[in-house]
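Listed below are the residues making up each chain.
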Amino acid sequence: MSAASHEALRAELNRKKEELTLRLTKITANLRRGYEADSKERAKQLEDNEVVDALGNEARTEIVKISAALKRMDTGDFGICIECGLPIDEARLEAYPYADECIECAEFDERRRARP
Ligand SMILES: [Zn+2]
């Protein structure tokens, strides 16, 4: 990967991370809003909060992955599969910039997870 596209990708990851952090802040703020006194309302609110919490977890997971990718950029390990140590396909990195595994290892993991 060229130095220029490397920098462009870093900027993109930083932007995405900021966006997710902001989203997470909003989600957390929503969760912290006081519960309604009415029990019916409260049940509904708890349900909403579960959805909101799931969204928050999703954002958190993504932030962790992006941070790890940025760190790998600093250490020069970016674009190298953490499983087998081979370079990750550039097309894969373009589609999924914080991929830490090559397509073969990712597919292997998926098959392993899919196994009952
Ligand atoms: Zn691999």
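Values in this document were obtained by computation on a predicted structure and should not be read as measured data.

1. Observations concerning the overall build of the protein chain
Inference 1: A tally of helices and strands in the protein chain yields 4 helices and 0 strands.
Inference 2: Computed over C-alpha atoms, the radius of gyration of the protein chain comes to 19 Å, more than 25% over the 13 Å expected from 2.2 N^0.38 for 116 residues, which places it beyond the range of a compact globule.
Inference 3: Dimensions of the protein chain, computed from C-alpha atoms along their principal axes, come out at roughly 60 × 40 × 20 Å.
Inference 4: Out of the 116 residues belonging to the protein chain, those deemed buried represent 27%.
Inference 5: When contacts within the protein chain are restricted to residue pairs at least 6 apart in sequence, long-range pairs at least 24 apart make up 49% of them.
Inference 6: With an accessible surface of roughly 8300 Å², the protein chain has 53% of that area assigned to carbon and sulfur atoms.
Inference 7: Side chains of the protein chain carry 20 positive and 25 negative charges; the gap between the two charge centres is 4 Å.

2. Details of the coordination of the zinc ion
Inference 1: Distances from the zinc ion to its protein donors, Cys81 (SG), Cys84 (SG), Cys102 (SG) and Cys105 (SG), fall within 2.3 to 2.4 Å.
Inference 2: For the zinc ion, all donor residues lie on one chain, and their spacing in sequence is C-x2-C-x17-C-x2-C.
Inference 3: Residue class for Cys84 comes out partly exposed when judged on its relative accessible area of 38%.

Analysis parameters
- Residues numbered from 1 in each chain as written.
- Predicted model: local features only at pLDDT ≥ 70, side-chain atom pairs only at ≥ 80, totals over all residues.
- Heavy atoms only, no water.
- Helix = DSSP H or I, 4+ residues; strand = E, 2+ residues; numbered from the N terminus.
- Rg over C-alpha atoms; globule rule 2.2 N^0.38 Å.
- Buried < 20%, exposed > 50% of the residue type's maximum accessible area, 1.4 Å probe, protein only.
- Contact = heavy atoms within 4.5 Å.
- Areas by Shrake-Rupley, 256 points an atom, 1.4 Å probe, with all protein chains shown as cover.
- Lys, Arg positive; Asp, Glu negative; His and termini not counted.
- Charge placed at Lys NZ, Arg CZ, Asp CG, Glu CD.
- Donors = N, O, S within 2.8 Å, 3.2 Å for Na, K, Ca; no water.

None of the figures reported here should be taken as evidence of function without further support.
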